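Listed below are the residues making up each chain.
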Amino acid sequence: MNKNISNEQLTIKDFTSDQEVRWCPGCGDYAILKCMQRTLPNMGATPENTVFVSGIGCSSRFPYYMSTYGFHTIHGRGPTIATGVKLANPDLDVWLVTGDGDGLSIGGNHMLHVLRRNVDINILLFNNEIYGLTKGQYSPTSKQGTRSPSTPYGSVEAAVSPCEFALGSGARFVARTVDTAQKHMPIVFERAHQNKGASFVEIFQNCLVYNDEVFADFTAKDVAKDRQLLATHGEPLIFGKEMDKGLVLDTTSLSLKVATIGENGISKEDILVHDETNRMLAMMLVSLNPPEFPMVLGVIYADPAPTFGDAIREQTAEVRKKKGPADLNNLIRQGRTWEVK
Amino acid sequence: MNVPVNKGAETAKHFEEAEEVVIRFAGDSGDGMQLTGSQFTASAALAGNDFATFPDFPAEIRAPTGTTFGVSAFQINFGSGEILTAGDQPDVLVVMNPAALMVNLKDLREGGILVIDTGAFTKRNLQKAGYDENPLDGDSLARYHHIELDISSHTLEAVKEFGLSNKEAIRSKNMWTLGLMLWMFGRPRQQIIDWLNDKFASKPDIAAANVAALNAGHAFGETAEMSADLKRYHIAEAKTEPGTYSTVTGAQALAWGLVAGSQLADLPLFLGSYPITPASPLLHQLAALKEFEVTSFQAEDEIAAIGAAIGASYAGSLGITSSSGPGIALKGEAMGLAISAELPLVIVNAQRGGPSTGLPTKTEQSDLYQAIYGRNGDAPMPVISSRGPGDCFYVAIEAVRLAVKYMTPVMLLTDGYITNAAEPWKLPDATKLRSFPATFATEADGMDENFDKFARDPETLTKPWVKPGTKGLEYRAGGLEKSFETGHISYDPDNHQKMTDTRFDKVAAIAKDIPQQKVYLGEDTGPLAVVGWGSTFGPIDKAVKQAIKEGKKVSHIHLRHLNPFPENLGKLLADFDKILVPEMNMGQLSTVLRDRFLLDVIQLNKVTGQPFKIVEIHGAIDQALSAKGEK
């Protein structure tokens, strides 16, 4: 995160490139792109100090549509390039755009390490539970039984849960949003940007062509309010059309349960209050799945720790202080030397 | 114990003069042979000898003790003349156990000195080494001047006053042996004593025991009436160029050269690397140089290592990545990205025996195809190689220069031998090296309507280096083909042809910017040229020198630049009747030369994991000269 001071107020136009956006009509990516272009000026970002790095896949075309600096790299390796960019110039705002295949299949190893190192970048993982650009094969986040060209009889593998993976990898910031959530997506982006360290954001993104309505069980208009819970730090974990449902902790099974306020003697005070610095709670929240539970969105975990870059620079400064000014001639002469006359 | 320690304090009259001597220390991996060898090397360096070393150790960190595959050896060739190889055959072989004898005896020259620690020749050790009978009993060693000493018990005796456990005490037997060897060559001990005291500063008992063992070994030579039995050699100082010298390994010189290169280019250095044998020493070296604007990043894998280096270059640093063949294979796709995005990058490959995991600790030159061709698509990349440890310094600077000037990844080839071997190196004055500062597009360029960030320099064909943070020049890099004019994604067929041509022309243009190929030794034309690259320099040069001395017409051509070749190379080679190419691979340079210049070459290939012997190349020279027919 960096504060960029600018005299003039930048607008959405300043972050929009002249390139024609080439996602399928109706793709969830459009909404995410617009939201980013709209939100960046509010964060104090500037095009020259912002870098969008991506891997390969539909979502990874993102940098071309931003008028910032950008690097469309190779499949799965975005986190590595972003790490190099950020270490080389800590003043840059580095965003990584990736997908479920790019970020959790071919690039899963890099995702693990960029999170555990706490490199100060913002990671947007567009999860559509399918390989779109290669025409619809199942992905590592596809639900078991997904029929696709490569799994005509249904996939037999268990899926990976991105936010659980992130927390397990040691991420210090984990948030979740939906491509259609134009109200709360900007807030998540701003929070991710503010967080110093690796910020992991999973965005449920609908692939109209190969996996339409895969998230309908919690995003469809008729069920959304009853199946989505927007977590807010310090507020009770309440949801539902009438805002009468909430999460309570069952202390005997050490698990979360849905309770209805006003039923069985449950009052608002009995509902768990969200504490985004509580890793255990975060782990429980990201493992809840509809329809039994609501899908928890918002900033689920935020407990900053020193960043990789800061740690390196701190150590380097210490070494420099101790060793004094660097001199190559001294360095190569520091061992046993002898004179030939 | 008070001992004379000054150089020359021991008179030369008991010594037999020798021009050069090859010693090999061989023992179990746990016997400390690499340490013994490197300390003996230091003593040779301080005595003003020229030298070359060859550390040869097993891939296992601690292979089962006493086995033949756990044998570790260190060979040093030192002398008063020019030393270019670690020597064909040891004159002196020191073996610390039966397995070391089993593995190494075949290399000892007939009549050579064989020093044996009989204390380690137990029934069990003999069995483990595969001896049915004790070789010390029969007359199988009669061809050698063998000296049987119970080094183990001599050592235990020497260190008993320190109250160490038997296991700890016996560890000093390498120092006892070293002491004896120092006596044999009339070498001072003080610097090694200092080194031991420094190394074991926190364990004074161990330090004292090692010093005692060293002194005891030396005293043994002095007092045990061995003089009749054992020749002592005096090796005069080598006549070398005046200057300040130090002992360097390839990894050291390479690290220093990369730092020098980054300073000359005025760029912070970013190394992304992943541990792999035999390339890791470079990572270790650079990781310790934080005061030199060096960021070293040990990545999660080979791909992440190059990825981070590319990211750093994109952001305006000098990205470097280092590995060995298998790791280089993993980096292939990312190299293509750096070529496509036109970013500077130095890729160091310390070659080892292949394919697959191959021979991690043994040397080979079999990644030349990989370096020149090993990427998807038409992906040309400059390739240069180092011929020895000290040369790594200059090759590293050249790699950085080309990468920055031509905005391209450059492959720098060394090998396991060069990385670990040591030689005396005349220290350069770093302030006198010619700089080549990198230039970046500026904010002023960003405000200049006429500035075109995709316009190419007519000579180098490079675009300006635009780094993020520069206002007004925002652009999107990437691996998808880009328009020559606008830098946007382009699938236009003519544009792809044009961009591919540009990438080729850019690398080809480097041929004009590198020195013309010279003949290193011999005439510029004649019946035979021996053409080599990389670490075969030493044995080729010695063999050619020998042949010339014998009146044979032969020349030595050593290639540093392997892609592109120097402009005049084709013509130069055509002026020889025959071309002999010795390589530690199955003929990779040979086929590249045939391909580029349509000329035939005679191949001499060796892939045993060991460097060429002078005699092998000399034999091939004779054969090529005597064989009938022109090329």
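See the structure above.
Residues numbered from 1 in each chain as written. Chains lettered and ligands numbered in written order. Predicted model: local features only at pLDDT ≥ 70, side-chain atom pairs only at ≥ 80, totals over all residues. Heavy atoms only, no water.

Colleague: What is the right way to read the overall build of chain B from this model?
Modeller: A count of helices and strands for chain B gives 22 helices and 22 strands. Taking 25 Å as the expected radius of gyration for a compact globule of 631 residues, we find that chain B reaches 27 Å, a close match to that expectation. Overall, chain B is about 90 × 65 × 50 Å in size when its C-alpha atoms are taken along their principal axes. When the 631 residues of chain B are sorted by exposure, 62% land in the buried category. Looking at chain B as shown, the accessible area adds up to about 24200 Å², and 51% of this sits on carbon and sulfur atoms. Charge centroids of chain B, computed over 58 positive and 77 negative side chains, lie 1 Å from each other. (Helix = DSSP H or I, 4+ residues; strand = E, 2+ residues; numbered from the N terminus. Rg over C-alpha atoms; globule rule 2.2 N^0.38 Å. Buried < 20%, exposed > 50% of the residue type's maximum accessible area, 1.4 Å probe, protein only. Areas by Shrake-Rupley, 256 points an atom, 1.4 Å probe, with all protein chains shown as cover. Lys, Arg positive; Asp, Glu negative; His and termini not counted. Charge placed at Lys NZ, Arg CZ, Asp CG, Glu CD.)

Colleague: Quick question: what am I supposed to make of a negative patch on the surface here?
Modeller: All names here are of chain B. On the surface, Asp132, Glu133, Asp137 and Glu148 cluster together to form a negatively charged patch. By the element assignment, Glu148 lies in strand S7 (residues 145-149). With a relative accessible area of 35%, Glu148 lands in the partly exposed category. (Patch = residues over 30% accessible without salt bridge, like charges linked within 9 Å, V, L, I, M, F, W, Y side chains within 5 Å. Salt bridge = Lys/Arg side-chain N within 4 Å of Asp/Glu carboxyl O.)

Colleague: How should helix H4 (residues 151-159) of chain B be read in this particular structure?
Modeller: Residues that lie three or four places apart on an α-helix share one face, since the helix turns once every 3.6 residues. All names here are of chain B. Taken together, the buried positions of H4 are occupied by Ile151, Ser152, Thr155, Ala158 and Val159. Down the axis of H4, the smallest arc covering the buried residues is 130°, so these residues share one side. Lining the buried residues of H4 we find strand S6 (113-117), S7, helix H5 (166-170), helix H6 (173-184) and helix H8 (204-223). (Arc of directions from axis to C-beta. Contact = heavy atoms within 4.5 Å.)

Colleague: Would you mind showing me how to read a nonpolar patch on the surface here?
Modeller: Taken together, the side chains of A:Leu208, A:Val209 and A:Tyr210 define a hydrophobic patch exposed on the protein surface, amounting to about 250 Å² of accessible area. Assignment of secondary structure puts A:Val209 in the loop between strand S8 (199-204) and helix H7 (216-219).

Colleague: How do you make sense of the sheet that holds S6(B) when you look at a structure like this?
Modeller: Backbone hydrogen bonds are what pair the strands of a sheet, in a parallel or an antiparallel way. All names here are of chain B. Taking strand neighbours across the sheet as the criterion, the six strands line up as S3-S4-S2-S5-S6-S7 in an open arrangement whose pairing is mixed. Unpaired on one side and paired on the other, strand S3 (50-56) and S7 mark the two borders of the sheet. Shown here is a sheet whose adjacent strand axes are inclined to one another by a mean of 15°, direction ignored. Bridge analysis of strand S2 (residues 20-28) against strand S4 (residues 71-79) gives nine bridges, and the strand direction is antiparallel. Each bridged residue has a counterpart across the sheet, and for Arg24 the counterpart in S4 is Gln75. (Pairing = 2+ DSSP bridges. Axes fitted to C-alpha atoms, helices over the stretch in contact; angles between N-to-C directions.)

Colleague: Looking at this structure, how should I read the packing of aromatic side chains?
Modeller: Between two aromatic rings, the relevant description is the distance of the centres plus the angle of the planes. For the coordinates displayed, the defined rule picks out 31 aromatic pairs over all chains. Ring centres 5.8 Å apart and planes at 80° place the aromatic pair A:Trp23 and A:Tyr30 in the edge-to-face group. Accessibility expressed as a relative area gives 7% for A:Trp23, which makes it buried. Here a set of aromatic residues connected by ring pairs shows up, and it is made of A:Trp23, A:Tyr30, A:Phe52, A:Phe62, A:Tyr65, A:Trp95, A:Phe126 and A:Phe189. If you follow B:Lys199 out to its NZ or CZ, it ends over the ring of B:Phe200, 5.6 Å from the centre. The ring of B:Phe537 has B:Arg387 sitting right over it, with the charged end atom 3.9 Å from the ring centre. (Phe/Tyr/Trp six-rings, centres within 6.5 Å; stacked < 30°, edge-to-face > 60°. Lys NZ or Arg CZ within 6 Å of the ring centre and 35° of its normal.)

Colleague: So what exactly am I meant to see when it comes to the pairing of strand S11 (residues 245-250) of chain A here?
Modeller: The side chains of a regular strand alternate, first on one face of the sheet and then on the other. Residue and element names in this part refer to chain A. Looking at chain direction, strand S10 (residues 238-239) and S11 are connected through two bridges and run antiparallel. Opposite Ile238, over in S11, you have Gly246 as the bridge partner. Relative to strand S12 (residues 255-260), S11 is paired through six bridges, and the arrangement is antiparallel. Within S12, the residue paired with Val248 across the bridge is Lys257. In textbook terms, the turn of a hairpin is the stretch between consecutive antiparallel strands, and for S11 and S12 this stretch comprises four residues, one of which, Leu254, has a positive phi near 50°.

Colleague: Looking at this structure, how should I read the nonpolar core?
Modeller: Across soluble globular proteins, you tend to see nonpolar side chains buried next to one another. By size, the foremost hydrophobic cluster in this structure holds 156 residues, and its most contacted members are A:Phe71, B:Leu258, B:Leu286, B:Val531 and B:Leu589. Sorting elements by how many residues they give to this core places helix H15 (residues 391-406) of chain B first, with 11 residues. Counting 50 residues, the second largest nonpolar core, distinct from the first, contains B:Ala18, B:Leu164, B:Trp183 and B:Ala422. (Core = buried A, V, L, I, M, F, W, Y, C linked by side-chain atoms within 4.5 Å.)

Colleague: Would you explain empty space enclosed by the protein in this entry?
Modeller: Regions of empty space are outlined by a rolling probe, equal in size to a water molecule, passed over the atoms. All names here are of chain B. The tally for this structure, following the rule as stated, stands at six cavities of 30 Å³ or more. Computed from the structure, the largest cavity encloses a volume of approximately 110 Å³. As for the largest cavity, its lining consists of Ala341, Glu342, Leu343, Met407, Lys453, Phe454, Lys463, Pro464, Trp465, Val466 and Tyr475. Considered class by class, the residues forming the lining of the largest cavity number eight nonpolar, no polar and three charged. In this structure, the second largest cavity encloses a volume near 90 Å³. (1 Å grid on protein atoms, 1.4 Å probe; cavity = no way out; pocket = protein on both sides within 12 Å on 5 of 7 lines; lining within 4 Å. Points joined across faces, edges and corners; volume = space filled by probe spheres on them. Nonpolar A, V, L, I, M, F, W, Y, C, P; charged D, E, K, R; others polar.)

Colleague: Would you take a moment to explain the packing of H4(B) against H6(B) for this structure?
Modeller: Two quantities define a packed helix pair, namely the angle between the helix axes and the distance between the axes. Residue and element names in this part refer to chain B. In contact at an axis separation of 9 Å, H4 and H6 are set at 100° when each is read in the N-to-C sense. In this view, H4 runs roughly perpendicular relative to H6, as classed from their interaxial angle. Contacts between H4 and H6 pair Ile151, Ser152, His154 and Thr155 from the former with Lys173, Trp176 and Thr177 from the latter. Split by residue class, the contact of H4 with H6 holds two nonpolar, four polar and one charged. (Parallel < 35°, antiparallel > 145°, perpendicular 65-115°, else oblique.)

Colleague: Help me understand the pattern of salt bridges, please; the structure alone is not making it clear to me.
Modeller: Working definition: two side chains of opposite charge can pair if their charged atoms are close together. In the structure shown here, the tally under the stated rule is 39 salt bridges over all chains. In this structure, the salt-bridge partner of B:Lys160 is B:Glu157, at a minimum N-O distance of 2.9 Å. Exposure remark for B:Lys160: the relative accessible area of 56% places this residue in the exposed category. Taking the shortest distance from any N to any O, the salt bridge between B:Lys606 and B:Glu616 comes out at 2.9 Å. Residue B:Lys606 is located in the loop between strand S22 (602-605) and helix H22 (614-626), and its partner B:Glu616 is located in helix H22; the two are separated by 10 residues in the primary sequence. The class of B:Lys606 is buried, set by a relative accessible area of 12%. Through salt bridges with shared partners, a single ionic network connects A:Lys86, A:Asp120, A:Lys196, A:Asp310 and A:Arg313.

Colleague: Explain the interface of chain A and chain B here, please?
Modeller: By a frequent convention, interface size equals the accessible area lost on bringing the separate parts together. In this assembly, 57 residues from chain A lie in contact with 73 residues from chain B. Together, the buried faces of chain A and chain B total about 5200 Å²; carbon and sulfur atoms form 62% of this surface. For the pair chain A and chain B, the interface holds two salt bridges. For A:Arg117, the salt bridge is made with B:Glu300, and the minimal N-O distance between the two is 2.8 Å. Linking chain A with chain B are 30 residue pairs in polar contact (both at pLDDT 80 or more). Of all elements in the fold, only strand S2 (69-72), helix H2 (78-88), helix H4 (108-117), helix H10 (308-323), helix H11 (328-332) and strand S14 (337-340) of chain A reach the threshold of two or more residues within the side of chain A that touches chain B. Considered class by class, the residues forming the side of chain A that touches chain B number 22 nonpolar, 21 polar and 14 charged. Alignment of S2(A) against strand S17 (residues 476-478) of chain B, held across three bridges, turns out to be parallel. In the sheet register, A:His72 faces S17(B), and the bridge partner there is B:Gly478. (Buried area = accessible area lost by both parts, 1.4 Å probe. Polar contact = N/O pair within 3.5 Å; in protein donor to acceptor, adjacent residues only side chain to side chain.)

Honestly, that's just the spatial picture; any functional story needs more than this.
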